[in-house]
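Listed here are the chains, written in short residue letters.
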Amino acid sequence: MSSISTTSDFVSELVRAVNQIHLLTPNERKELVARGIASIRELRLTLDESGADTPMTSRTLSEVEILIAEMDDTPNELVAAAFVVLCDEINQLLKICETASATEEREQ
C-alpha cells in the first residue's frame, strides 16, 4: 500500500486539480480519477486485512468510475465534483487507518 503521507499528498493534488479543472486535459482527468479509485481500493484492502470496520462505499463513488469512459463530454463542474467525492472517501479511509493504527498500538 502506498504510505499515508503519499495518499495525503494525492488528496492535495486532487484539491489543486479542482481549483484548476479548466486547465486539465481529458487524459489528465482520467488519470486522476483512476488514481483516486486505486487509492481507495488499496486503503480498503489494507483495512480489510487488518480487520478494521470500514463504511460501505457510497453509490456516488461507483458512479465516479463511469466518468472515465465519458470524460471527453463531462462538464468541468461535474469532474470537479467527482474529485471532491474521491477526496472525501480517501480522507474518511485515512482517518479509519489512523484510528486503527492508534488502537493497535495501545493494545500492544
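With that out of the way, let us pick up the overall build of the protein. Scanning the protein from N- to C-terminus turns up four helices and zero strands. Counted from the first residue to the last, the protein has its helices and strands arranged as α-α-α-α. By the burial criterion, 32% of the 108 residues in the protein qualify as buried. Expressed as a percentage of contacts within the protein between residues at least 6 apart in sequence, the contacts between residues at least 24 apart total 78%. Accessible surface for the protein amounts to roughly 6700 Å². Of this, 50% is attributable to carbon and sulfur atoms.

The subject of this paragraph is the side chain of serine 39. Mapped onto the fold, serine 39 is located in helix H2 (residues 26-50). When sequence neighbours within four positions are dropped, the list of residues in contact with serine 39 reads Phe10 and Ile90.

Applying the stated rule across the entire model yields two salt bridges. Residue arginine 35 pairs with glutamate 13 through a salt bridge whose shortest N-O separation is 3.0 Å. Of this pair, arginine 35 sits in helix H2 while glutamate 13 sits in helix H1 (residues 4-19), and the two are 22 residues apart along the sequence. For arginine 35, a relative accessible area of 31% translates into the label partly exposed. Owing to a relative accessible area of 28%, glutamate 13 belongs among the partly exposed residues under this scheme. Between arginine 44 and glutamate 89 there is a salt bridge, with its nearest N and O atoms 2.8 Å apart. You can see arginine 44 sitting in helix H2 and its partner glutamate 89 sitting in helix H4 (residues 76-107), a full 45 residues away along the chain.

About the thresholds
- Residues numbered from 1 in each chain as written.
- Predicted model: local features only at pLDDT ≥ 70, side-chain atom pairs only at ≥ 80, totals over all residues.
- Heavy atoms only, no water.
- Helix = DSSP H or I, 4+ residues; strand = E, 2+ residues; numbered from the N terminus.
- Buried < 20%, exposed > 50% of the residue type's maximum accessible area, 1.4 Å probe, protein only.
- Contact = heavy atoms within 4.5 Å.
- Areas by Shrake-Rupley, 256 points an atom, 1.4 Å probe, with all protein chains shown as cover.
- Salt bridge = Lys/Arg side-chain N within 4 Å of Asp/Glu carboxyl O.

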